[in-house]
Amino acid sequence: MKLLVYGAGVLGSLLAARMHAAGHEVSLLARGERLTALRRHGVQLAEGDSPTVERVPVPVVDRPDGGYDLITVFVRTHQVDAVLESLAGVQGDVLFLLNWAAGPETLGAVIGHERVLLGFPATGGRMDGDVVRHRRPNFVVRRVAMPIGEPDGRTTPRLVRTVEAFRAAGFNAEAEPQMDAWLRTHAAFEVPLGQAVHLAGGPVELAADPDAVRGMLHLVRQNLAALTTPPVPRAFAALRTLPQGLLVPVLRRFLKGPTAVHSGLSDLSPATVAELERLAEQLRARAGAR
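These notes cover the structure that comes with them. (Residues numbered from 1 in each chain as written. Predicted model: local features only at pLDDT ≥ 70, side-chain atom pairs only at ≥ 80, totals over all residues. Heavy atoms only, no water.)

So, helix H13 (residues 270-288)
Our working rule: Counting from the N terminus, the helices are DSSP H or I runs at least four residues long and the strands are E runs at least two residues long. The span one expects for a helix is its residue count, reduced by one, times 1.5 Å. Relative accessibility under 20% of the residue-type maximum defines a buried residue, over 50% an exposed one, and the middle range a partly exposed one, all with a 1.4 Å probe and only protein chains included. Only heavy atoms enter the contact rule, under which two residues are in contact if any of them lie within 4.5 Å.
Look at H13: 27 Å from first C-alpha to last across 19 residues, which is about the 27 Å you get at 1.5 Å a residue. Those residues of H13 that sit buried are Thr-272, Glu-275, Leu-276, Arg-278, Leu-279, Ala-280, Gln-282 and Leu-283. Packing partners of the buried residues in H13 comprise helix H3 (80-87), helix H7 (179-200) and helix H9 (210-226).

This is the structure:
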């Protein structure tokens, strides 16, 4: 497979390195200081806090060049418009692995509806200088799948090929027939959670304030009620039906745990704020279109 990975942060770098190691023809798109570092050292990977750093010589580019079998996009929600413009004339299917609640139509209107695949990167880590420190594989990480799907829910040959390629590279990918609903459900939960974490100063700080957790849960329930389809996965329906007195302690325990602390929830950067604001706009627009 000839693959372009658009976005050289934690997730894009990890995918590019693993797909390169699996024998695919991979190019990793980066810019600025990140581009310079990748050209000098390659993708540098470390597991958790391990002192052992692996260097993977993935070819890097600063713009799309020619055509590809697949282009994977790992950027913030508010950065998608610029990416779409740069890919409009580049051949290849495009898999958007990111937060997106506006629906596939807005993506296909720019690059062609037939090119769009949707997904979400169910993995995580952090940047330590130029080193990508990814999560240690544990029971939870191994069980959480990376969903990938066609906008219309079909199981197509290209979807099967993509899922198989990701699995062969070590990712727990699976075909998701309701990918658009999955992304909207995730955004309905993530926006109130992320904004509450930012206001509190971090996930542990939010966990220490039960009233703030209750307020966040109230907003999540409002978002889920406004969805035009049932929540996907179905387990999210529990956030609407289970008693608040049960859910608040569970959410506080989650916020204090390593999964939340070592996830993107701990990123309080302006880019995170901008992404959450864009996701909130998309949710409001979809709710208003009912």
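Some words on the packing of aromatic side chains
Filter applied, for reference: Paired rings are identified among Phe, Tyr and Trp, the last through its six-membered ring, by centres lying within 6.5 Å, and are further divided according to the angle between planes into stacked (under 30 degrees), edge-to-face (over 60) and tilted (the rest). Throughout this description, the term charge over a ring refers to an Arg CZ or Lys NZ atom that lies within 6 Å of the ring centre and within 35 degrees of the ring normal.
In the structure shown here, the tally under the stated rule is three aromatic pairs. Arranged with centres 5.3 Å apart and planes meeting at 40°, the rings of Phe-120 and Trp-182 form a pair that is tilted. A residue pair is termed long-range when its members are at least 10 positions apart, and Phe-120 in the loop between strand S8 (116-119) and strand S9 (125-128) and Trp-182 in helix H7 qualify at 62 residues. We note that Phe-120, like Trp-182, is buried. Arranged with centres 5.7 Å apart and planes meeting at 65°, the rings of Phe-189 and Phe-236 form a pair that is edge-to-face. Separated by 47 residues along the polypeptide, Phe-189 in helix H7 and Phe-236 in the loop between H9 and helix H10 (238-241) bring together distant segments of the chain. The residue whose ring lies beneath Lys-2 is Tyr-68, and the NZ or CZ to ring-centre distance is 5.3 Å. One cation-aromatic arrangement involves Arg-18 over Phe-171; the distance from NZ or CZ to the ring centre is 5.0 Å.

Let's talk about the packing of H3 against helix H4 (residues 104-111)
For any two helices packed against each other, the geometry comes down to the angle between their axes and how far apart the axes lie. Going by this rule: As a rule, the C-alpha atoms of each element are fitted with a line to give its axis, helices using only the stretch in contact, and angles between N-to-C directions run from 0 to 180 degrees. Amino acids are sorted into nonpolar (Ala, Val, Leu, Ile, Met, Phe, Trp, Tyr, Cys and Pro), charged (Asp, Glu, Lys and Arg) and polar (every other residue, Gly among them).
Across the interface, H3 lies against H4 with an axial gap of 8 Å and an inter-helix angle of 35°. Between H3 and H4, the contacting residues are Val-80, Leu-84, Glu-85 and Leu-87 on the first element and Thr-106, Leu-107, Val-110 and Ile-111 on the second. Considered class by class, the residues forming the contact of H3 with H4 number six nonpolar, one polar and one charged.

Quick word on unusual backbone geometry
The peptide bond linking Val-232 to Pro-233 adopts the cis configuration, its omega dihedral lying at -5°. Turning to its location among the elements, Pro-233 is positioned in the loop between H9 and H10.

Digging into the nonpolar core
Nonpolar side chains in soluble globular proteins tend to end up buried together. Heads up, the condition is: Nonpolar cores were defined as sets of buried Ala, Val, Leu, Ile, Met, Phe, Trp, Tyr and Cys residues, with membership established by side-chain atoms within 4.5 Å.
Core analysis: the biggest nonpolar cluster contains 34 residues, and Val-5, Met-19, Leu-28, Val-43, Ile-148 and Phe-166 have the highest contact counts within it. Mapped by element, the contributors of at least two residues to this core are strand S1 (2-6), helix H1 (10-21), strand S2 (25-29), helix H2 (32-41), strand S3 (43-47), strand S7 (93-97), strand S11 (146-149) and helix H6 (157-168). The element that contributes the greatest number of residues to this core is H1, accounting for six residues. Beyond its immediate chain neighbours, meaning those up to four positions away, Met-19 contacts Met-1, Leu-3, His-24, Val-26, Ala-165, Phe-166 and Ala-169. Core analysis: the second largest hydrophobic core is formed by 28 residues, Leu-29, Tyr-68, Ile-71 and Val-94 among them.

Points about the pattern of salt bridges
Keep this limit in mind: Salt bridges are defined as contacts in which a side-chain nitrogen from Lys or Arg sits within 4 Å of a carboxyl oxygen from Asp or Glu.
The final tally for this structure, using the stated rule, is 12 salt bridges. With its nearest N and O atoms 3.4 Å apart, the salt bridge here joins Arg-278 to Asp-81. Taken together, the positions of Arg-278 in helix H13 and Asp-81 in helix H3 put the pair 197 residues apart, joining distant regions of the chain. Measuring nitrogen to oxygen at the nearest pair gives 2.7 Å for the salt bridge that ties Glu-150 to Arg-158. The class of Glu-150 is buried, set by a relative accessible area of 2%. A single network of salt bridges, built from pairs that share partners, joins Arg-76, Asp-267 and Glu-275.

A few points about the packing of H7 against H9
Applied cut-off: The scheme is simple: roughly parallel for angles under 35 degrees, roughly antiparallel for over 145, roughly perpendicular for 65 to 115, oblique for anything else. Definitions for this section: a left-handed crossing has its near helix turned counterclockwise from the far helix by less than a right angle. A right-handed crossing has that turn clockwise.
Interhelical geometry of H7 versus H9 gives an angle of 155° and a closest axis separation of 9 Å. Judged on the interaxial angle alone, H9 and H7 are roughly antiparallel. Relative to H9, H7 is oriented so that their crossing is right-handed. Together, Thr-185, Ala-188, Phe-189, Pro-192, Leu-193 and Ala-196 of H7 and Met-216, Leu-219, Val-220, Asn-223 and Leu-224 of H9 make up the contact between the two elements. Here the residues of the contact of H7 with H9 are counted per class, giving nine nonpolar, two polar and no charged.

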